Amino acid sequence: MSKVTVEEWTARFRAIGLDDAAMEQWHRLFERENPEGHQEFLEFLGLPPERIAAICKHHA
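Please read these numbers as outputs of a predicted model, since none were measured by experiment. (Residues numbered from 1 in each chain as written. Predicted model: local features only at pLDDT ≥ 70, side-chain atom pairs only at ≥ 80, totals over all residues. Heavy atoms only, no water.)

(A) Broad picture of helix H3 (residues 35–44). By the burial criterion, the buried members of H3 are Gly37, His38, Phe41 and Leu42. Projection of H3 onto a plane perpendicular to its axis shows the buried side chains occupying an angular sector of 140 degrees, all on one side. For H3, the exposed residues set more than 90 degrees away from the buried face come down to Glu36 and Glu40. As for H3, its buried residues are in contact with helix H1 (6–15), helix H2 (20–33) and helix H4 (49–59). (Buried < 20%, exposed > 50% of the residue type's maximum accessible area, 1.4 Å probe, protein only. Helix = DSSP H or I, 4+ residues; strand = E, 2+ residues; numbered from the N terminus. Arc of directions from axis to C-beta. Contact = heavy atoms within 4.5 Å.)

If you want it as structure tokens, here you go:
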């Protein structure tokens, strides 16, 4: 099974009409309601630990 990339995920969000503000809101909600799940999702996307930490901190 091939891995889903950040670019593919972002393209799917855009395809359903999410803009940057909506994606920001999605991340904030995910981080607030399930920080461990958010981190696991970012790891699933193959992001390096430094980028994951920055994303989680930004959306906390």
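Continuing now.
(B) Layout of the environment of Trp9. Mapped onto the fold, Trp9 is located in helix H1. Sequence spacing of Trp9 and Leu45 is 36 residues, and the spatial spacing of their C-alpha atoms is 8.7 Å.

(C) Seen up close, the environment of His38. You can see His38 is positioned in helix H3. Through-space distance from the C-alpha of His38 to that of Ile52 is 9.3 Å; in sequence the pair is 14 residues apart. Of note is the side chain of His38, whose polar atom sits 2.8 Å from the side chain of His27. (Polar contact = N/O pair within 3.5 Å; in protein donor to acceptor, adjacent residues only side chain to side chain.)

(D) Region of the structure containing the packing of aromatic side chains. Going through the model one piece at a time under the given rule, you end up with 7 aromatic pairs. Ring geometry for Trp26 against Phe30: centres 5.2 Å apart, planes inclined by 75 degrees, an arrangement best described as edge-to-face. Of this pair, Trp26 and Phe30 are both found in helix H2, 4 residues apart, which corresponds to roughly one turn of the helix. For Trp26, a relative accessible area of 26% translates into the label partly exposed. Relative accessible area serves as the criterion here: at 21%, Phe30 is assigned to the partly exposed category. Centre to centre, the rings of Trp26 and Phe41 are 5.6 Å apart; their planes meet at 70 degrees, and the pair counts as edge-to-face. With Trp26 in helix H2 and Phe41 in helix H3, the pair connects residues that are 15 residues apart, well separated along the chain. On the accessibility criterion, Phe41 (14% relative accessible area) is buried. One aromatic cluster is present, built from ring pairs that chain together Trp9, Phe13, Trp26, Phe30, Phe41 and Phe44. (Phe/Tyr/Trp six-rings, centres within 6.5 Å; stacked < 30°, edge-to-face > 60°.)

The values reported here are purely geometric and, on their own, carry no functional implication.
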